[in-house]
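Spelled out, the chains give:
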Amino acid sequence: QSGYITLDSGFKNTGATKSAITFLDGEKGILKYRGYSIEDLAEKASFLEVAYLLIYGELPTKAQVENFQNQINKHTLVHEDMKKFFDGFPSKSHPMGQLSSLVCSLSAFYPESLNPNQSKEEQELTIIKLLAKMTTIVSWIYKKSLGHPVNYPQNRLDYVTNFMSMTFSYTTEEYEVDPVVIDAMNKLLILHADHEQNCSTSTVRIVGSSDCNLYASISAGISALWGPLHGGANQAVIEMLEKIKEDGGDVEKWVAKAKDKNDPFRLMGFGHRVYKNFDPRAKIIKKACDDVLAKMGINDPVLDIAKKLEAVALNDPYFVERKLYPNVDFYSGILYRAFGFPTEMFTVLFALGRLPGWIAQWKEMKENREPIGRPRQIYVGEKDREYIPLENR
Ligand code: SDX
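Residues numbered from 1 in each chain as written. Predicted model: local features only at pLDDT ≥ 70, side-chain atom pairs only at ≥ 80, totals over all residues. Heavy atoms only, no water.

Things to note about the overall build of the chain
Part 1 of the argument: Helix and strand counts for the chain come out as 17 helices and three strands.
Part 2 of the argument: Taking 21 Å as the expected radius of gyration for a compact globule of 393 residues, we find that the chain reaches 22 Å, a close match to that expectation.
Part 3 of the argument: Dimensions of the chain, computed from C-alpha atoms along their principal axes, come out at roughly 70 × 55 × 50 Å.
Part 4 of the argument: Across the 393 residues of the chain, 53% fall into the buried class.
Part 5 of the argument: Considering only intrachain contacts with a sequence separation of at least 6, the fraction spanning at least 24 residues in the chain is 75%.
Part 6 of the argument: Total accessible area on the chain stands at roughly 18800 Å², and carbon and sulfur atoms take up 53% of it.
Part 7 of the argument: Across the chain, the 47 positively charged side chains and the 50 negatively charged ones have centroids separated by 3 Å. (Helix = DSSP H or I, 4+ residues; strand = E, 2+ residues; numbered from the N terminus. Rg over C-alpha atoms; globule rule 2.2 N^0.38 Å. Buried < 20%, exposed > 50% of the residue type's maximum accessible area, 1.4 Å probe, protein only. Contact = heavy atoms within 4.5 Å. Areas by Shrake-Rupley, 256 points an atom, 1.4 Å probe, with all protein chains shown as cover. Lys, Arg positive; Asp, Glu negative; His and termini not counted. Charge placed at Lys NZ, Arg CZ, Asp CG, Glu CD.)

A closer look at the UniProt feature "active site" (unreviewed entry) in the chain
Part 1 of the argument: Look at the UniProt record and you will see "active site" (unreviewed entry) annotated at His-272 and Asp-329. In three dimensions, the annotated residues from a span of 58 residues occupy one location, with a maximal C-alpha spread of 10.5 Å.
Part 2 of the argument: Here His-272 is to be found in the loop between α12 (251-259) and α13 (280-296).
Part 3 of the argument: Classification of His-272 by relative accessible area gives partly exposed; the value is 22%.
Part 4 of the argument: Excluding residues within four positions of it along the chain, His-272 makes contact with His-195, Asp-279, Arg-281 and Asn-327.
Part 5 of the argument: Residue position: Asp-329 is located in helix α16 (residues 329-338).
Part 6 of the argument: The exposure class of Asp-329 is buried, given its relative accessible area of 5%.
Part 7 of the argument: Those residues in contact with Asp-329 that lie beyond four places of it in its chain are His-230, Gly-231, Ala-233, Asn-234, Val-237, Gly-269 and Phe-350. (UniProt positions renumbered as here; feature names shortened; annotations may be inferred.)

A short note on the site of the ligand
Part 1 of the argument: Residues in close proximity to the ligand total 25 residues, the closest being His-195, Arg-266, Gly-269, His-272 and Arg-281.
Part 2 of the argument: Here a nitrogen atom of the ligand and a backbone polar atom of Leu-229 are 2.9 Å apart. (Near = heavy atom within 4 Å. Polar contact = N/O pair within 3.5 Å; in protein donor to acceptor, adjacent residues only side chain to side chain.)

Brief notes about helix α17 (residues 346-367)
Part 1 of the argument: Here α17 is 22 residues long and its end C-alpha atoms lie 32 Å apart, about the 32 Å a rise of 1.5 Å per residue gives.
Part 2 of the argument: Along α17, the sharpest kink reaches roughly 45 degrees, centred on Arg-354 and followed within four residues by the proline Pro-356.
Part 3 of the argument: Burial within α17 is extensive, with 21 of its 22 residues counted as buried.
Part 4 of the argument: Following α17 by one or two positions, Arg-369 has its phi on the positive side, about 45 degrees. (Expected span 1.5 Å × (residues − 1). Bend = angle between axes of the 7 residues up to and from the residue.)

Considerations on the side chain of Asp-300
Part 1 of the argument: Tracing the backbone through its elements, the reader meets Asp-300 in the loop between α13 and α14 (301-314).
Part 2 of the argument: Ignoring any residue separated from it by four or fewer positions in sequence, one finds Asp-300 in contact with Leu-293, Ile-334 and Arg-337.

Notes on the packing of helix α11 (residues 233-246) against α14
Part 1 of the argument: Running from amino to carboxyl end, α11 crosses α14 at an angle of 95 degrees, the nearest separation of the two axes being 10 Å. Here α11 is positioned roughly perpendicular relative to α14, judged by the angle of their axes. Contacts from Ile-238, Met-240, Leu-241, Glu-242, Ile-244 and Lys-245 in α11 reach Pro-301, Val-302, Ile-305, Ala-306 and Leu-309 in α14. (Axes fitted to C-alpha atoms, helices over the stretch in contact; angles between N-to-C directions. Parallel < 35°, antiparallel > 145°, perpendicular 65-115°, else oblique.)

Details of the nonpolar core
Part 1 of the argument: The biggest cluster of nonpolar side chains holds 114 residues, and the ones touching the most others in it are Met-164, Phe-339 and Phe-341.
Part 2 of the argument: In terms of residue count, α17 provides more of this core than any other element does, 12 residues in total.
Part 3 of the argument: Other than its neighbours up to four places away in sequence, Phe-341 contacts Phe-163, Met-164, Thr-167, Phe-168, Met-185, Tyr-336, Phe-346 and Leu-349. (Core = buried A, V, L, I, M, F, W, Y, C linked by side-chain atoms within 4.5 Å.)

Let's talk about the sheet that holds strand β2 (residues 30-33)
Part 1 of the argument: The sheet built from three strands is open, its strands ordered β1-β2-β3 with antiparallel pairing. Either end of the sheet is taken by a strand with one partner, and the two such strands are β1 (22-25) and β3 (36-37).
Part 2 of the argument: As paired elements, β1 and β2 share four bridges and run antiparallel to each other. The residue of β2 that forms the bridge with Leu-24 is Leu-31. (Pairing = 2+ DSSP bridges.)

Quick notes on the pattern of salt bridges
Part 1 of the argument: According to the stated counting rule, one finds 23 salt bridges in the structure shown.
Part 2 of the argument: A salt bridge links Glu-43 to Lys-187, with the shortest nitrogen-to-oxygen separation between them at 3.5 Å. With Glu-43 in helix α1 (residues 38-44) and Lys-187 in helix α8 (residues 179-191), the pair connects residues that are 144 residues apart, well separated along the chain.
Part 3 of the argument: Exposure remark for Glu-43: the relative accessible area of 56% places this residue in the exposed category.
Part 4 of the argument: On the basis of relative accessible area, Lys-187 is assigned to the buried category, the value being 12%.
Part 5 of the argument: In this structure, the salt-bridge partner of Glu-242 is Arg-337, at a minimum N-O distance of 2.4 Å. Within this pair, whereas Glu-242 is found in helix α11, its partner Arg-337 is found in helix α16, the two being separated by 95 residues in sequence.
Part 6 of the argument: Under the relative-accessibility criterion, Glu-242 is labelled buried at 19%.
Part 7 of the argument: By relative accessible area, Arg-337 is classed as partly exposed at 25%. (Salt bridge = Lys/Arg side-chain N within 4 Å of Asp/Glu carboxyl O.)

Right under this line is the structure:
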């Protein structure tokens, strides 16, 4: 401590705000959105219902969710001028870099988004446009990575089906809607939808606290999520599991590497700042892996390696002492892969799921008129020094 400043690097013991959106109990492994358990929501709700719940605070009636879908449908097209710089990205540039840039650029097309004192209607329109265009932008990024033509939204489809259709259909053949896949995709997006004051959400809040517009605030959150210690972990997990598979599946060797302090390697998808027990989302996704892959008739050797890795780590004192358990990223990539997504798209899918949560948190921060975020520091640099003219240095 120095004077009245308490140093808390990583904000491990700092409550940044009061929030009514998501409740998280790391000891008991409990996660609730607006008081509803994620087990219930993942099982019974659609992703669009949960997006509505997070942003407006209540589960929508049938009429409300239909109106929400209709509002979104009016705005799923992206301004054609966005293509000018979208086409400028090299086809293999990382999807998260493209997504962050494209989302930020939306403010250039929709000036009403820039007004720091938006009317309720202006804010509502800004939110609806972002939810609507995110699916189109994400599907465009995927098509570009293949060098394929982009698809346009089909408003007769629901939010998630429209996204999957834009992503996987071709001018040559329609996307074959598989209810098992659509249901699992809704579940995955719901499980990623919010997670209280994690790194990317805190970023969205602090950028928004300067009265910055929603699009630029969300763009900053996408950048924070990109990091392999955060949302980027879902891509890193599959790359790690593939490496272990190529290395003969010797999970004990890799668990030993993860424990070796001289080795920078960490078990990706393991550990969590808050969950000191099983991440409840990981439990649901692990079960969905078994159910969905069986229904799809897929036998993915990487899933077996993941389960073996989990079993070895959960019986290893190093991990048990540190309360390191699989987190949301440990199994999610196995499902994304089964749906046909390449690993570099996984974190963008995390962002698609987290979008309603980020929006809800930004909106709450505005409604609560939170002050601009500006933490202090403990200075440990040089004391007073005299300036030495250049010729004397
Ligand atoms: C997400 O915050 C959120 O809610 C995030 C998220 C969300 O929904 O928004 O849940 C999504 O980001 C999940 C986390 C995805 N990241 C990974 O899977 C990357 C691997 N995990 C770690 O890097 C780590 O566990 C973090 C980043 C998740 C948490 O880091 P902390 O809380 O700062 O913990 P730490 O790094 O201080 O680790 C504590 C100890 C250390 O050992 P000691 O110094 O005490 O000896 O545990 C060790 C660490 O070395 N450790 C690991 C480890 N994670 C922590 N050792 C090996 N493998 C790991 N994965």
